[in-house]
Structures are given as C-alpha cells and as structure tokens.
Amino acid sequence: MQATNQHILHYDTTSLNAVPFTTLAEHYGSVVKRGSTQFTLCPWHDDKHPSLALYDDAPHQRSHCHCYACGKTASPIDFVMQHEGCTFQQACDIIGRLFGIYGDGPAALLHRKTKPVEPVEPKAYTYIPMDYVEQHLSADNSFSQGLRRIFDPVLVQHLTEEYSLGCLDTGTYPDSVLFPSIDTQGRVHNIKVQHYGTAPTSPDFLKSDKRHCFWLGAQLAKQGLLPAGAQFDNDCLFGAHLLPRYPTAPVILVESPKNALVGACERPEFLWVATGNKGMLKRSVLSPLRGRIVMVYPDRDAIEEWEEKLRHMQDIAPFLISHLCEHVAPEDQFKYDVADFIISRHLV
Ligand SMILES: [Zn+2]
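Here we summarise the structure given alongside this text. Fair warning: this is a prediction, and the values are worked out from it, not measured in the lab. (Residues numbered from 1 in each chain as written. Predicted model: local features only at pLDDT ≥ 70, side-chain atom pairs only at ≥ 80, totals over all residues. Heavy atoms only, no water.)

**Let's talk about the coordination of the zinc ion**
At step 1: Around the zinc ion, the protein contributes the donor atoms C42 (SG), H45 (ND1), C67 (SG) and C70 (SG), at 2.1 to 2.3 Å from the metal centre.
At step 2: Taken together, the four donor atoms coordinating the zinc ion and their angles of 101 to 120° define a geometry best described as tetrahedral.
At step 3: Each donor residue of the zinc ion lies on the same chain, and together they follow the pattern C-x2-H-x21-C-x2-C. Separated by 25 residues along the polypeptide, H45 in the loop between β3 (37-40) and β4 (52-55) and C70 in the loop between β5 (64-67) and β6 (73-74) bring together distant segments of the chain.
At step 4: Given a relative accessible area of 26%, H45 falls into the partly exposed group.
At step 5: When its relative accessible area of 38% is taken as the criterion, C70 is described as partly exposed. (Donors = N, O, S within 2.8 Å, 3.2 Å for Na, K, Ca; no water. Tetrahedral: all angles 85-135°; square planar, octahedral: opposite > 155°, others 65-115°. Helix = DSSP H or I, 4+ residues; strand = E, 2+ residues; numbered from the N terminus. Buried < 20%, exposed > 50% of the residue type's maximum accessible area, 1.4 Å probe, protein only.)

Structure (structure tokens):
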C-alpha cells in the first residue's frame, strides 16, 4: 500500500493524557465516589456496578483508570477509543475538543505538526461470499411470513429483496431468517440467524426465539465453507448497502434488524438501518451515515446511553433522537422498541 500525501494533526499525547479523568468520564456516564476514589462503569466489560476507578494525575501527565473487576488499566485516550469505537487519532481529536486544549486560543497546549499518514495494513477479516446470500434469498423465512400477516405482502416481498433476507433450514427450524450485514461496498460482514413466531394470535408473534440466535460466519468456517480461524468484523450497519442506492433518502437508525424491517414496512419512505445491538453504536459503524439526515429510535433501555454517545458524534450527522419508546412503553416493558409500538398498532 502506498503512503498518501494526506496530512494529519500530530498530537503531544502526554498533554491529552493529563486531562482530569473524572471530568472526561462524566461525558460518558455517571461517576460515583467511594471512599476517596471516583468510579464509573467499565467499558471493557459488561459492568453493572461502577468498577472502573479514575485517577487524576495532571502534574505527571499520567491520568489513568483501573478496573477492579476485569483488571484493565488504561489511559484517557484508550478510554475514549473504547467508548467511541474510534481510532487513536479520532480519540485525540475528541479529547482535544472536549477540553479545548488545542486550537488557536491561549490555552493551546499541544504542538501541531503534520506528518504523512503511515500506511496501515487492514486487519485480515473474512467476508462471507455474496453468492451465499444470493443462494439463500427467500421470503419463505419465518420473519417475512410474519410481516406478511400485518403488512402489504408486495411491500414485504420488496423489502425482503432490498435487505437480502434469506431462509435457512438450521435443523431446529426449517424457516430461520438470515439477516446479512452488507456494507456500502457490497461486502457481507456477517449474517445473523434468528427465528420468529408467525401467528398473529400468539404472544410470540414476531418475537424471536432467544435460544436460537447466532452469527453464521463462525459456523460456516466450522463447516469448512470458509477458512478455518476466519475473523469476522461485525462493524457494519444492517442496511448499509442501501445507502448508496438511495443517496437522498432520510435515514432512520434503530438497534435490531427486526426494527429496521418492521419500520420500513410501516414507513417505506425512510431508509431504515440497524446497529445490530446496543453496544454497536460506534463511530466506525456510523461513518457511512456522514452527511445524511438521521432520525434515531433507540430501544427504551438504550435511550440514555445512545443519547450520550451520539452527542459526541454530531460531526457525522445531526442525529435527531426520539424518546417515543420511553413515552409509549407499558411500564414493565423495559426493552420496548419501535417494532413493538408499530406491531401493537396493527394488532388492535
Ligand atoms: Zn472492566
């Protein structure tokens, strides 16, 4: 790969790592004091009670954090990279902006230099051949069957094709649905396999069987259809491949592929895309949305977290965040999502 002529800002990282960690962590969530130490939720493991201790050491430019649950010790830059899912350079930019410690003001602490971008070898990810997706394309999957019960079958067929949904006999179910994550260049990052209830009278209607949900990539490798030890990169919006196809369509961002499809059946004038899960709301995943108009319908249990994360990604797009799921959810349904809302309106 050739080095490019593009130039990037070069930072004096010791200044960035001297920022008060507590203030930085407050941008990503709440901070609690226990004894003389401040703690926040650890982004390196599924932390329920704040385990990440924050240590400010501005005089020695060694502010750091340490997780008493998973053992991780890290710098402010590492912390931002983990939260944002961003590169080192982007984390430097974010901390610089948050603390106003670079730029033209009197508080400038950093040396601005330019240096050529070093060529970085891309990580060797395996993509699933598009042929596999095409061979399994089918609206006979349980999810499309369920959608047809409440939406226009012609529209369901169209959307099944647009999103390249497939059908797979998994042994457990003959009609499991395949949700492929295809990026803007047409590469298939992975395929999520699920199964849905199809009877509108059942409480399981358009609910997935939680015991039967997996990513197909690893299984294809196990079956010898892909190289052994293949690594899969799930950093891809579900529906990303439709962005170049509809360059002016306003976008709606949701968490699950189910939400995207149900939403598209209800409001097909929008282009619906999904992160895949709550934790995948990352800079690298959202970058294809740059310059678009994006409305966001987080699941009820993700509103606070997504609002906080998106606050730092407004440079990608002016994300407009809806609190619908908070306002309309029955009190006991903590994980209520926009698909629950739309489906409930069709079942009355
Ligand atoms: Zn941890």
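**Quick word on the nonpolar core**
At step 1: Grouped together as the largest cluster of nonpolar side chains are 57 residues, with contacts concentrated most on F143, Y163, L286 and F319.
At step 2: Excluding residues within four positions of it along the chain, F143 makes contact with L165, V177, F179, Y196, L206, K258, L261 and V262.
At step 3: Counting residues in hydrophobic clusters, the runner-up holds 21 residues, among them C65, C67, V80 and C86. (Core = buried A, V, L, I, M, F, W, Y, C linked by side-chain atoms within 4.5 Å. Contact = heavy atoms within 4.5 Å.)

**Remarks on the pairing of strand β12 (residues 251-254)**
At step 1: A two-sided burial pattern is seen for β12, the buried positions comprising V251 and L253 on one face and I252 and V254 on the other.
At step 2: One ladder, built from four bridges, connects β12 with strand β13 (residues 271-274); its direction is parallel. Looking at β13, one finds that V254 is bridged to A274.
At step 3: Strand direction decides the pairing type here: β12 and strand β14 (residues 294-296), joined by three bridges, are parallel. Along β14, the bridge assignment pairs V251 with V294. (Pairing = 2+ DSSP bridges.)

**Remarks on helix α7 (residues 153-162)**
At step 1: Every buried residue belonging to α7 is among L155, V156, L159, T160 and E162, and all of these are buried. With its buried residues spanning 160° around the axis, α7 presents them on a single face. Opposite the buried face of α7, by more than 90 degrees, sit the exposed residues V154 and E161.
At step 2: Where α7 is buried, its residues touch α6 (142-150) and α9 (257-266).
At step 3: Among the residues of α7, the N-terminal cap falls to D152, whose side-chain oxygen and the backbone nitrogen of V154 are separated by 3.0 Å. (Arc of directions from axis to C-beta. Polar contact = N/O pair within 3.5 Å; in protein donor to acceptor, adjacent residues only side chain to side chain.)

**A few points about the packing of α9 against helix α13 (residues 338-347)**
At step 1: At a minimum axis distance of 8 Å, the contact between α9 and α13 shows a crossing angle of 45°. The angle between the axes of α9 and α13 places the two elements in the oblique class. When you trace α9 past α13, the crossing you get is left-handed. Taking contact as the criterion, the partners of K258, N259, V262, G263 and E266 in α9 are, on α13, V338, A339, D340, I342, I343, R345 and H346.
At step 2: For the contact of α9 with α13, the residue count by class is five nonpolar, three polar and four charged. (Axes fitted to C-alpha atoms, helices over the stretch in contact; angles between N-to-C directions. Parallel < 35°, antiparallel > 145°, perpendicular 65-115°, else oblique. Left-handed = near helix turned anticlockwise from the far one by under 90°. Nonpolar A, V, L, I, M, F, W, Y, C, P; charged D, E, K, R; others polar.)

**Remarks on the side chain of E308**
At step 1: Looking at the element boundaries, E308 is found in helix α11 (residues 303-311).
At step 2: Residue E308 is classed as buried on the basis of its relative accessible area, which comes to 18%.
At step 3: Excluding anything up to four places from it in sequence, E308 contacts E26, H27, Y28 and G29.

**Considering the pattern of salt bridges**
Opposite charge on two side chains permits them to pair, given that their charged atoms come into close proximity.
At step 1: Taken as a whole and judged by the stated rule, the model has 13 salt bridges.
At step 2: Between D235 and K282 there is a salt bridge, with its nearest N and O atoms 3.4 Å apart. Of this pair, D235 sits in the loop between α8 (216-222) and β12 while K282 is found in the loop between β13 and α10 (283-286), placing the two residues 47 residues apart along the sequence.
At step 3: Overall, K282 belongs to the buried group, its relative accessible area being 19%.
At step 4: Its salt-bridge partner being R267, residue E269 comes within 2.7 Å of it at the nearest N-O pair. (Salt bridge = Lys/Arg side-chain N within 4 Å of Asp/Glu carboxyl O.)

**Examining the sheet that holds strand β11 (residues 214-215)**
Backbone-to-backbone hydrogen bonds pair the strands of a sheet. The strands run either parallel or antiparallel.
At step 1: Taken in spatial order, the four strands make up an open sheet running β8-β9-β10-β11, and their pairing is antiparallel. In this open sheet, the two strands that pair with only one neighbour each are β8 (166-168) and β11.
At step 2: Here two bridges tie strand β10 (residues 188-194) to β11, and the two strands are oriented antiparallel to one another. Across the sheet, V193 pairs through a bridge with F214, a residue of β11.

**Let's talk about the packing of aromatic side chains**
At step 1: Scanning all chains against the criterion turns up nine aromatic pairs.
At step 2: Summarising the aromatic geometry, the rings of Y163 and F238 are spaced 5.3 Å apart at their centres and angled 20° between planes, so their arrangement reads as stacked. One end of the pair, Y163, is in the loop between α7 and β8; the other, F238, is in the loop between α8 and β12, and 75 residues separate them in sequence.
At step 3: Its relative accessible area of 2% is what places Y163 among the buried residues. (Phe/Tyr/Trp six-rings, centres within 6.5 Å; stacked < 30°, edge-to-face > 60°.)

**Notes on the pairing of β10**
At step 1: Most of β10 sits inside the fold, with seven of its seven residues counted as buried.
At step 2: Where strand β9 (residues 176-182) lies against β10, six bridges are found, and the strand directions are antiparallel. Along β10, the bridge assignment pairs L178 with V193.
At step 3: The turn joining β9 and β10, which pair antiparallel and follow one another in sequence, is formed by five residues; a positive phi near 80° is taken by G186.

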